[in-house]
Amino acid sequence: MTRKTAQDLRSARWFAPDDLRSFGHRSRMMQLGYSEEDFRDKPVIGVLNTWSELNTCHAHFKDRVQDVKRGVAQAGGFAVEMPALSVDESNTKPTSMLYRNMLAMETEEMIRCHPLDGVVLMGGCDKTTPGLVMGAISAGVPLIYLPAGPMLRGNYAGRILGSGSDAWKYWDERRAGNISDAEWLGVQGGIARSAGTCMTMGTASTMTAIADAMGITLPGASSIPAVDSNHQRMSAACGRRIVEMVWEDVTPDRIITAGACRNAAIVAMATGCSTNAVVHLIAMARRAGIPMQLEELDELGRTTPLIANVRPSGKDYVMEDFYYAGGLRALMKQIADRLDLSCLTVTGKTMGENLEGAEVYNDDVIRPLSNPVYHEGSLAVLKGNLCPTGAVIKPAACDPKFHVHEGPAVVFDSYPEMKKFVDDETAEVTPDTVMVLRNAGPLGGPGFPEWGMLPIPKALIKQGHRDMLRISDARMSGTSYGACVLHVSPESYVGGPLALLRTGDIVKLDLPNRRLDMLVSEAELAERRKAWTAPEPRFERGWGWMFSKHVTQADQGCDFDFLQSDFGKTAGEPDIF
């Protein structure tokens with residue numbers, strides 16, 4: 001392919017013409033201390049950095065951006081750091097999901113309105129990966145994704161701790177009175193020991209693995225721990241490579257194809273991915289004009305074995321162990337015959353070429369197909385009269401006895417109502433009870449919060465029970481586990497069938513047949529429908545109002561309707577006069 005020349009660069013529209021406007025652009029660059037030799041006739045690379053002082057996952061990005069800029073300079077480019085919305089998972093309330101699309105919009109418009117020829121997207125914490133990628137896909141310039149990497153494994157009293165997964169585990173033991181205040185504080189201080197994302201196969205590691213399998217990271221970059229010196233070298237390599245991608249005109253539409261999205265879905269299933277992968281992968285694919293559906297993901301889930309023995313779906317290991325065992329390249333090598341190896345990647349090579357030489361160094365962490373952690377993939381999609389357009393469950397992360405289950409519902413309309421019930425040691429509840437939380441979806445939450453791993457009632461905790469069937473229109477953290485049916489769609493807030501369920505109704509889960517139903521007659525449901533009234537709007541102005549008017553349902557990816565590729569033509573280059 002013919003390489004671009006300096007005159008072909010997008011940034012040349014700002015800096016090359018001999019006119020007053022370009023004089024102003026060059027003059028302002030000189031105001032920043034640069035000479036023309038720094039930026040003229042060179043690819044201008046935007047380094048979109050989601051660092052903030054509240055985002056623990058990205059605490060090292062303040063340093064890593066310098067590594068990226070070093071790499072850009074080594075390759076003859078000119079790097080500019082562009083701060084982007086951080087949407088950290090821990091401190092953003094009610095949920096960072098409320099702001100994923102804001103980051104996507106910011107990313108798209110930041111790229112379009114500035115003289116950027118290519119971008120390095122620095123993300124990792126859950127919503128930053130889809131938010132950055134969705135926006136950059138729509139903007140259309142060459143991109144490379146730099147994943148934050150997982151933190152070091154947790155440790156307390158000689159025991160390995162996993163992000164989220166062990167927090168839930170030890171919280172239940174604390175509620176049962178089985179651990180002391182001193183032990184609880186020890187777990188609190190030992191579970192997160194460095195910069196980086198959750199070190200279990202939660203949403204962050206799921207989404208960076210998806211980006212890797214999609215071909216938009218350097219090969220295997222998603223597995224490198226955040227504080228490993230290899231992460232610094234990878235960051236500099238991202239800077240060098242994006243400059244070459246600009247000259248080669250390797251744009252997102254050449255990489256993010258139907259085959260690449262299918263590869264990403266297969267790899268996600270094999271890793272024991274977060275249930276949140278469904279929402280984000282659908283949204284990312286649709287930005288690229290690929291109409292991915294829940295049914296396709298369920299099909300892949302039925303036929304792709306789970307081979308990453310990493311918590312929470314695995315039993316013994318965390319992401320640091322996964323990296324030492326060979327990382328994502330090694331896992332992909334194990335399932336190479338299921339992948340489209342002809343897909344182009346950011347390296348300029350095919351996925352097949354990128355996997356050459358990959359090896360598994362510990363086959364208990366990355367299992368062979370003959371010895372999977374679970375015979376099917378990570379996720380299953382359910383349909384039924386409770387979820388006509390879909391719901392998801394993580395079969396490998398729950399007690400198999402709940403794969404087929406029938407029991408009476410106890411229904412809650414709010415989280416505080418549910419919390420009061422589970423903390424009541426005298427609550428009337430049995431192991432067969434089906435706990436249901438509604439009004440927690442994209443509109444009802446608001447923002448689709450991670451409330452779906454409903455706490456086990458104290459009354460059952462005291463009896464030794466640690467799992468039960470739980471249903472909601474919420475999401476749950478990818479680090480969570482249990483018999484939790486999530487993303488019930490349409491959500492109850494907009495009048496989905498979940499809004500018609502009543503305490504005492506019998507609910508039936510039939511996982512082998514992918515069914516979730518309430519055993520209530522159609523005539524009775526019709527009467528309940530007549531009596532149902534829509535709740536009051538959550539927002540009357542601002543971002544929340546805009547979100548409420550345009551967000552799609554869970555089965556469609558929760559993107560804004562007007563941002564999807566089929567809504568209209570993407571805006572062209574800005575006028576410069």
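For the structure, check the block above.
What this report covers is the structure whose coordinates are included nearby. (Residues numbered from 1 in each chain as written. Predicted model: local features only at pLDDT ≥ 70, side-chain atom pairs only at ≥ 80, totals over all residues. Heavy atoms only, no water.)

## Some words on the pairing of strand E4 (residues 143–147)
Here E4 lies mainly inside the structure; five of its five residues are buried. With five bridges connecting them, strand E3 (residues 118–123) and E4 associate as parallel partners. Paired with Val-119 across the bridge in E4 is Leu-143. (Buried < 20%, exposed > 50% of the residue type's maximum accessible area, 1.4 Å probe, protein only. Helix = DSSP H or I, 4+ residues; strand = E, 2+ residues; numbered from the N terminus. Pairing = 2+ DSSP bridges.)

## A closer look at the environment of Leu-116
Position of Leu-116 among the secondary structure elements: in the loop between helix H5 (100–113) and E3. Separated by 73 residues in the primary sequence, Leu-116 and Pro-43 place their C-alpha atoms 7.7 Å from one another.

## Topic: helix H16 (residues 327–334)
Listing the buried residues of H16 in full gives Gly-327, Leu-328, Ala-330, Leu-331 and Met-332. If you follow the buried residues of H16, they end up packed against helix H9 (203–214), helix H12 (258–271), helix H15 (319–324) and helix H17 (351–354). (Contact = heavy atoms within 4.5 Å.)

## Topic: the side chain of Ser-165
Within the secondary structure layout, Ser-165 lies in helix H7 (residues 165–175). Judged by relative accessible area, which is 7%, Ser-165 ranks as buried. In this view, Ser-165 contacts Thr-200, Arg-311, Pro-312, Thr-479 and Tyr-481; residues no more than four positions away in its chain are not counted.

## Examining the nonpolar core
Ranked by internal contacts, the top residues of the largest apolar core, which has 114 residues, are Val-120, Met-214, Ile-216 and Leu-331. Considering every element that reaches this core, the biggest residue donor is H12, with nine residues. The contact partners of Leu-331, leaving out residues within four places of it in the chain, are Val-267, Ala-270, Thr-271, Ile-307, Ala-308, Phe-322 and Ile-366. (Core = buried A, V, L, I, M, F, W, Y, C linked by side-chain atoms within 4.5 Å.)

## Side note on the sheet that holds strand E2 (residues 78–83)
As summarised here, the arrangement of the four strands in space is E2-E1-E3-E4, forming an open sheet in which the pairing is parallel. This sheet does not close on itself; its edge strands, each paired only once, are E2 and E4. The average undirected angle you get between the axes of adjacent strands in this sheet is 20 degrees. Examined bridge by bridge, strand E1 (residues 44–49) and E2 share six bridges and lie parallel to one another. Note that in E2 the partner of Asn-49 across the bridge is Pro-83. Packing of helix H10 (residues 229–248) onto the sheet brings it into contact with E1, E3 and E4, and relative to E4 it is tilted by some 175 degrees. (Axes fitted to C-alpha atoms, helices over the stretch in contact; angles between N-to-C directions.)

## A closer look at the pattern of salt bridges
What the rule picks out here adds up to 38 salt bridges. One salt bridge in this structure joins Arg-3 and Glu-244, with 3.2 Å as the shortest N-O distance. Within this pair, whereas Arg-3 is found in the segment before helix H1 (12–15), its partner Glu-244 is found in helix H10, the two being separated by 241 residues in sequence. You can call Arg-3 partly exposed: its relative accessible area is 41%. Here Arg-514 makes a salt bridge to Glu-376, at a shortest N to O gap of 3.3 Å. With Arg-514 in the loop between strand E13 (506–510) and strand E14 (515–518) and Glu-376 in the loop between H17 and strand E7 (380–384), this pair connects stretches of sequence that are 138 residues apart. Exposure remark for Arg-514: the relative accessible area of 7% places this residue in the buried category. A residue is classified by how much of its surface remains accessible, and Glu-376, at 19% relative accessible area, is buried. Via salt bridges that share partners, Glu-89, Asp-126, Lys-127, Glu-450 and Arg-475 belong to a single interconnected network. (Salt bridge = Lys/Arg side-chain N within 4 Å of Asp/Glu carboxyl O.)

## Some details on the layout of surface pockets
Quantified by volume, the largest pocket comes out at close to 1,300 Å³. Lining the largest pocket we find 46 residues, and of these Ser-90, Gly-164, Ala-167, Trp-168 and Thr-479 sit closest to its centre. For the lining of the largest pocket, the elements supplying multiple residues, two or more each, are H7, helix H8 (181–190), H9 and helix H18 (415–422). Per element, the largest residue contribution to the lining of the largest pocket is four residues, and it comes from H7. A class-by-class count of the residues in the lining of the largest pocket yields 21 nonpolar, 16 polar and nine charged. Empty space within the second largest pocket amounts to approximately 570 Å³. The wall of the second largest pocket is formed by 27 residues, among which Pro-312, Gly-314, Lys-315, Ala-397 and Tyr-481 lie closest to the centre. Breaking the lining of the second largest pocket down by element, the ones donating at least two residues are strand E6 (159–161) and H7. With six residues, the single largest contributor to the lining of the second largest pocket is H7. Residues that form the lining of the second largest pocket fall into these classes: twelve nonpolar, five polar and ten charged. (1 Å grid on protein atoms, 1.4 Å probe; cavity = no way out; pocket = protein on both sides within 12 Å on 5 of 7 lines; lining within 4 Å. Points joined across faces, edges and corners; volume = space filled by probe spheres on them. Nonpolar A, V, L, I, M, F, W, Y, C, P; charged D, E, K, R; others polar.)

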